[in-house]
Amino acid sequence: MNPPAASCILLTPLGAFEEELLAAAGDEVRRVFGRETRTVGLLADIGFARDPVRGQVGSTPLLERLAAACPPEALKVVALTEEDLFIPVFTYVFGEAQLGGRACIVSTHRLGVAPGFPLPQAALRSRLLKEVVHELGHTFGLRHCPDPTCPMHYCRSARDVDRKGGELCRYCRILLNDALARAGP
Ligand SMILES: [Zn+2]
Ligand SMILES: [Zn+2]
């Protein structure tokens, strides 16, 4: 007998992560991607990815480990963390995804930065949800979008993230629907 087709999307916190934000991310993934979600712990220790010199966590080795740990019934896995993520060519990243692959990760570390005033929780949540859609969109093969209001638009700063909306543009929505259809029921 064949194993069941991969259909659900996993959410996995890496280290401590606010319950309220985790639940909101699950709601948003179900709303935008139309798949069931499950929350599971996949990596107990992420020390292997920590760079002792930079004091940050490398997102690429985390993605490799997450994709390997992802159970067969999961179509994709979204990791959420408060750690400060980097890839070697950038000072930091909000997240990273395997383009057309299984794993992505988003961090609140830099999204929570608001010089001069404490960032309201609703603003952090809004930024996080857009970046979750962005990175998960990459795993379905979506690339960066020129429309500055589309969640697939590439943002350098958290302020730029605020300018994006939460709805995929028409073009990205068509590409995503095609990818979801190809992924099966
Ligand atoms: Zn991107
Ligand atoms: Zn778009």
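Everything numeric here is computed off the predicted structure, so don't read it as measured data.

(A) Here's a closer look at the sheet that holds strand β2 (residues 37-39). Ordered by their spatial adjacency, five strands build an open sheet running β2-β1-β5-β8-β7, and the pairing between neighbours is mixed. The sheet terminates laterally at β2 and β7 (95-97), the two strands that pair on one side only. The average angle at which neighbouring strand axes cross in this sheet is 20°, direction not considered. The sheet contact formed by strand β1 (residues 8-14) and β2 spans three bridges and is parallel. From the neighbouring strand, Ile 9 faces β2, where its bridge partner is Thr 37. The strands touched by helix α1 (residues 19-33) within the sheet are β1, β2 and β5 (74-81), with β1 carrying the most contacts at an inclination of about 155°. Docked against the sheet, helix α2 (residues 59-69) engages β5, β7 and β8 (103-107), running at close to 135° with respect to β8.

(B) Region of interest: α2. Those residues of α2 that fall on the buried side of the exposure criterion are Ser 59, Leu 62, Leu 63 and Leu 66. All buried residues of α2 lie within an arc of 100° about the axis, which places them on one face of the element. Residues of α2 that are buried in the fold lie against β4 (56-58), β5, β6 (85-86), β7 and β8.

(C) Region of interest: the nonpolar core. One finds Leu 66, Val 77, Val 78, Ala 79 and Val 132 to be the most contacted residues of the largest nonpolar core, which totals 37 residues. When contributions to this core are tallied by element, the ones reaching two or more residues are β1, α1, α2, β5, β6, β8 and α3 (121-139). Filtering out sequence-adjacent residues up to four positions away, Val 132 remains in contact with Ala 25, Glu 28, Val 29, Val 78 and Val 106. One finds Cys 145, Cys 150, Met 152 and Leu 176 within the second-largest nonpolar core, a separate group that totals eight residues.

(D) Representation of the sheet that holds β6 in the model. In spatial order, the strands read β3-β4-β6; together these three strands make up an open sheet with mixed pairing. Two strands in the sheet have a free side with no partner beyond their single neighbour: β3 (50-51) and β6. When β3 meets β4, the two strands line up antiparallel, connected through two bridges. Note on β4: the bridge partner recorded for Arg 50 is Val 57.

(E) Quick peek at the environment of Arg 156. For Arg 156, the location among the structural elements is in the loop between α3 and α4 (158-163). With 9 C-beta atoms counted inside 10 Å, the residue Arg 156 sits in the exposed group. Separated by 63 residues in the primary sequence, Arg 156 and Val 93 have C-alpha atoms spaced 8.7 Å apart.

Procedures and definitions
Residues numbered from 1 in each chain as written. Chains lettered and ligands numbered in written order. Predicted model: local features only at pLDDT ≥ 70, side-chain atom pairs only at ≥ 80, totals over all residues. Pairing = 2+ DSSP bridges. Helix = DSSP H or I, 4+ residues; strand = E, 2+ residues; numbered from the N terminus. Axes fitted to C-alpha atoms, helices over the stretch in contact; angles between N-to-C directions. Contact = placed C-beta atoms within 7 Å. Buried ≥ 20, exposed ≤ 12 C-beta atoms within 10 Å, placed from the backbone. Arc of directions from axis to C-beta. Core = buried A, V, L, I, M, F, W, Y, C linked by C-beta atoms within 7 Å.

Remember that the coordinates give geometry; whether it matters functionally is a separate question.
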